[in-house]
Amino acid sequence: METPSRIRILVVDDHTLFRESVARLLAAEPDFEIAGHCASAGEALRLVAMTPVDVVLLDYDLGDGKGMDFLAKAQSVGFTGRVLVVTAGVSELEAAQMIRQGIAGILRKHCSPAALAQSIRDVSGGKDYFEPGYLRSVLAGITAPAPEYQRKKLTDRERQVLQYVFEGLANKEIADRLQVSESSVKATLQQLFSKTGVRTRSQLVRTALENYKDQL
């Protein structure tokens, strides 16, 4: 039987004790592999350019720099994985900026080890992970949607599905909540992709935050 591939993780945090402790903690999980750990955006960019990484655990405040410095250049060095921001806290504006840059989620540092491990598995599997209530606070801080003539009105079902996407639920979980088939959820997501002009769930979240807040 073929051994399942492990999730390759890079930990980026300028606090050495926290960074090394998290790396050791995650290395004990059978489905995780620590690809490296470092203290700055520059080091992280060099590592992902040379080493395959599936999930980057990124602190927002890196002392001499910001996590945004990594997000701005990650794709240009060939990084195709996902980014989970693990932070003591960020403002609504900072969170909105990072969501626009394509992060897969935000997790606060006071979370449990089990929650951290599960969130890594979730984002590696394609979900977006935001702590309950956190994304709603970000939504509340964005007040300038695109002009109405540039947007198409969302249906009730599209709004329901979109709210569950914000919560990081998979298609099957959304189907269970709505008591509909998984294929129905997929069809609604395709309608949302077409209506908003995006291709992925992360892009859908960013576009909804920027342009459809008043319809949610």
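Residues numbered from 1 in each chain as written. Predicted model: local features only at pLDDT ≥ 70, side-chain atom pairs only at ≥ 80, totals over all residues. Heavy atoms only, no water.

Trainee: Got a minute to help me understand helix H7 (residues 156–166) in this structure?
Mentor: Helical periodicity: at 3.6 residues per turn, an α-helix aligns residues three or four positions apart in one direction. Looking only at H7, the buried set comprises Glu158, Val161, Leu162, Tyr164, Val165 and Phe166. After H7 finishes, the residue glycine 168 shows a positive phi value of roughly 85°. (Buried < 20%, exposed > 50% of the residue type's maximum accessible area, 1.4 Å probe, protein only. Helix = DSSP H or I, 4+ residues; strand = E, 2+ residues; numbered from the N terminus.)

Trainee: What exactly am I supposed to notice about empty space enclosed by the protein here?
Mentor: Gaps left between atoms are located by rolling a probe of water-molecule size over the structure's atoms. In the structure shown here, the tally under the stated rule is one cavity of 30 Å³ or more. Approximately 50 Å³ is the volume found for the largest cavity. Lining the largest cavity are Val11, Val12, Asp13, Phe18, Val22, Leu57, Leu58, Asp59, Val86 and Leu116. Mapped onto the lining of the largest cavity, the elements with two or more residues apiece are strand S1 (7–12), helix H1 (16–27) and strand S3 (55–58). A breakdown of the residues in the lining of the largest cavity according to their chemical character gives eight nonpolar, no polar and two charged. (1 Å grid on protein atoms, 1.4 Å probe; cavity = no way out; pocket = protein on both sides within 12 Å on 5 of 7 lines; lining within 4 Å. Points joined across faces, edges and corners; volume = space filled by probe spheres on them. Nonpolar A, V, L, I, M, F, W, Y, C, P; charged D, E, K, R; others polar.)

Trainee: Just checking my understanding: could you explain the sheet that holds S3 for this structure?
Mentor: In a beta sheet, neighbouring strands pair by backbone hydrogen bonds and run either parallel or antiparallel. With respect to topology, six strands assemble into an open sheet ordered S2-S1-S3-S4-S5-S6, the strand pairing being parallel. Only two strands of the sheet have a single neighbouring strand rather than two, namely strand S2 (32–38) and strand S6 (129–130). Examined bridge by bridge, strand S4 (residues 82–87) and strand S5 (residues 105–108) share four bridges and lie parallel to one another. Counterpart to valine 86 in the pairing with S5 is leucine 107. (Pairing = 2+ DSSP bridges.)

Trainee: What is the right way to read the packing of aromatic side chains from this model?
Mentor: In this description, an aromatic ring pair is defined by two values, namely the gap between the centres and the angle between the planes. Going through the model one piece at a time under the given rule, you end up with one aromatic pair. Its guanidinium or amino end placed over the ring of phenylalanine 18, lysine 109 lies 4.4 Å from that ring's centre, counting from NZ or CZ. (Phe/Tyr/Trp six-rings, centres within 6.5 Å; stacked < 30°, edge-to-face > 60°. Lys NZ or Arg CZ within 6 Å of the ring centre and 35° of its normal.)

Trainee: Explain the side chain of aspartate 59 to me, please; I cannot follow it from the model alone.
Mentor: With respect to the helices and strands, aspartate 59 occurs in the loop between S3 and helix H3 (67–73). Overall, aspartate 59 belongs to the buried group, its relative accessible area being 4%. Of note is the side chain of aspartate 59, whose polar atom sits 3.3 Å from the side chain of lysine 109. Setting aside residues up to four positions removed in sequence, aspartate 59 forms contacts with Val12, Asp13, Asp14, Gly67, Val86, Thr87 and Lys109. (Polar contact = N/O pair within 3.5 Å; in protein donor to acceptor, adjacent residues only side chain to side chain. Contact = heavy atoms within 4.5 Å.)

Trainee: Please clarify how the packing of helix H9 (residues 182–196) against helix H10 (residues 201–211) should be interpreted in this entry.
Mentor: In helix packing, the relevant descriptors are the interaxial angle and the interaxial distance, both defined with respect to the helix axes. The geometry of H9 relative to H10 is characterised by a closest axis approach of 10 Å and an angle of 55° between their N-to-C directions. The angle between the axes of H9 and H10 places the two elements in the oblique class. Taken as a pair, H9 and H10 cross one another with a handedness that is left-handed. Seen from H9, the contacting residues are Leu189, Leu192, Phe193 and Thr196; seen from H10, they are Arg201, Leu204 and Thr207. Of the residues in the contact of H9 with H10, the class split is four nonpolar, two polar and one charged. (Axes fitted to C-alpha atoms, helices over the stretch in contact; angles between N-to-C directions. Parallel < 35°, antiparallel > 145°, perpendicular 65-115°, else oblique. Left-handed = near helix turned anticlockwise from the far one by under 90°.)

Trainee: What is the right way to read the pattern of salt bridges from this model?
Mentor: Two side chains that carry opposite charge are able to pair once their charged atoms sit near each other. Evaluation of the coordinates by the stated rule reveals twelve salt bridges. Salt-bridge contacts for lysine 66 lead to aspartate 61; the nearest nitrogen and oxygen are separated by 3.8 Å. Residue aspartate 61 is classed as partly exposed on the basis of its relative accessible area, which comes to 39%. Taking the shortest distance from any N to any O, the salt bridge between aspartate 176 and lysine 172 comes out at 3.5 Å. (Salt bridge = Lys/Arg side-chain N within 4 Å of Asp/Glu carboxyl O.)

All we've got here are geometric facts, nothing functional implied.
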